[in-house]
Amino acid sequence: MNFDFSEEQQLLRKTVRQFVDAEIMPHIAKWDAEGGFDSTIWKRLASLGLMGVCIPEKYGGAGMDYNSLAIVCEELERGDTAFRTAVSVHTGLNSMTLLQWGTEAQKQKYLIPQARGEKIGAFGLTEPGAGSDVAAIDSYAKREGDVYILNGQKTWISLCDVADHFIVFAYTDKSKKHHGITAFIVERTMPGFSSKAIKGKYGIRAGNTGELFFDDVKIPVENRLGEEGEGFKIAMSALDNGRFTVAAGAVGLIQACLEASVKYCKERKTFGKAIGDHQLVGQMLAKMEAGYHMSRLLVYRVGELKNKGVRNTRETSLAKWQACDFANKAADDAVQIHGAYGYSDEYPVARYLRNSKAPVIYEGTREIHTIMQADYVLGKRQDKPLSKMLPKWPFE
Ligand SMILES: Cc1cc2nc3c(=O)[nH]c(=O)nc-3n(C[C@H](O)[C@H](O)[C@H](O)COP(=O)(O)OP(=O)(O)OC[C@H]3O[C@@H](n4cnc5c(N)ncnc54)[C@H](O)[C@@H]3O)c2cc1C
């Protein structure tokens, strides 16, 4: 086992941290209040190679390992969950899925511009009647010659109004239950496509989330990702990558909670001493510290498995579940430590608490991951290699 980060990884962390401190921290309170961020941020993320950090160079990426993606996510979420969510969706759920399942032509057409940050990718699985229960989706794609005609609706889709390309899941044969779901690459410019943001979100307010509508959208057969009926399997393998980025981001959120709380603990005095010197307050800091290190170990172990090309659904689910729960608790305690001041926008901790909730819901709720882990230990579930695995690192 090697717990050291390489020099390249350390440099990457420093670069992202500097970017976050200079370009995100000074503006995030305003962006969160206004419900959106400066769109030039995308170009700056791309210029640093952060839009395709673990995509091979031959497909427009930086060619770094999978733990480098975790570093990017950890550092971005230290700034705000909206930016990590954007990378989770663009790289974790979309680009890595194209890398794993796409044809060479699809990689040339869609992956390269996404990895370079020239185009943005997103992921449309959830529907008004189907979240945890993926097989309950209603979207339907009917084949007619060389095209599929897609009809349906998606909801709670990150980057709904921003992304250029979406990986979308729809039934091609409802009689086959989840074996009848197929994945498609849908372009925003395809006639019949439209999107609409959801207003009034509890957290991740700087991020864009909303609905997608497909009204007789004609999708060329060459935009089918994988075979007919492989969509469910592709969606689940995409989540192995998305959940990894969510877990890594949660580590960054705990770090942000710790930074704000330690600072406040030294400044604020009650009963003649700094509040950090009260044991019950120190206990909250100690729990944050424990959650931070436990989550980090779980996350970077998953990255190592990905580097080795080993299936990691079980380990990823555990890391995502635990890191998001620790982050949610750390943010709750960070508000508690700040007392009434934590309950306002004077300090960032209220935003951390609001932001920490969605990751406990998306990419598998806390309950779904609990069930998965119970099923693994009971022997009801086991991971076998997929027909197409994410390429090992170093890339060939
Ligand atoms: C900010 C945000 C961004 C998102 N981005 C995306 C995106 O980019 N793409 C996308 O496709 N989706 C996205 N989602 C949707 C997200 O993945 C779903 O919300 C999630 O899968 C849960 O589905 P649901 O909300 O329909 O809840 P439901 O599935 O209806 O669950 C409701 C409650 O019931 C519990 N529950 C359900 N089934 C069981 C069970 N069998 N046993 C025990 N408890 C159960 C759940 O844990 C939960 O507490 C996003 C959501 C949010 C909040």
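Conventions adopted
- Residues numbered from 1 in each chain as written.
- Predicted model: local features only at pLDDT ≥ 70, side-chain atom pairs only at ≥ 80, totals over all residues.
- Heavy atoms only, no water.
- Near = heavy atom within 4 Å.
- Polar contact = N/O pair within 3.5 Å; in protein donor to acceptor, adjacent residues only side chain to side chain.
- Areas by Shrake-Rupley, 256 points an atom, 1.4 Å probe, with all protein chains shown as cover.
- Helix = DSSP H or I, 4+ residues; strand = E, 2+ residues; numbered from the N terminus.
- Patch = residues over 30% accessible without salt bridge, like charges linked within 9 Å, V, L, I, M, F, W, Y side chains within 5 Å.
- Salt bridge = Lys/Arg side-chain N within 4 Å of Asp/Glu carboxyl O.
- Buried < 20%, exposed > 50% of the residue type's maximum accessible area, 1.4 Å probe, protein only.
- Pairing = 2+ DSSP bridges.

Brief notes about the site of the ligand
Close to the ligand lie 16 residues; Thr126, Ser132, Trp156, Thr365 and Glu367 are nearest. Here Thr126 contributes a side-chain N or O atom positioned 2.7 Å from a nitrogen atom of the ligand. Calculation on the ligand without its partners gives an accessible area of 980 Å², and the protein chains cover 64% of this total. Those elements that provide at least two residues to the shell around the ligand are β3 (147–158), α10 (349–361) and α11 (366–377).

What to know about a nonpolar patch on the surface
A surface patch of nonpolar side chains, about 460 Å² in accessible area, is lined by Met1, Phe3 and Leu297. If you trace the backbone, Phe3 turns up in the segment before α1 (7–24). Residue Phe3 is classed as exposed on the basis of its relative accessible area, which comes to 59%.

Considering the pairing of strand β4 (residues 165–171)
A large share of β4 lies buried, amounting to seven of its seven residues. Alternating residues of β4 divide into His165, Ile167, Phe169 and Tyr171 and Phe166, Val168 and Ala170, and every residue in both groups is buried. With four bridges joining them, strand β1 (residues 121–124) and β4 adopt parallel strand pairing. Across the sheet, the residue bridging to Phe123 is Ile167, located in β4. Taken together, the seven bridges between β4 and strand β5 (residues 181–187) define a ladder with antiparallel strand orientation. Note on β5: the bridge partner recorded for Phe166 is Val186.

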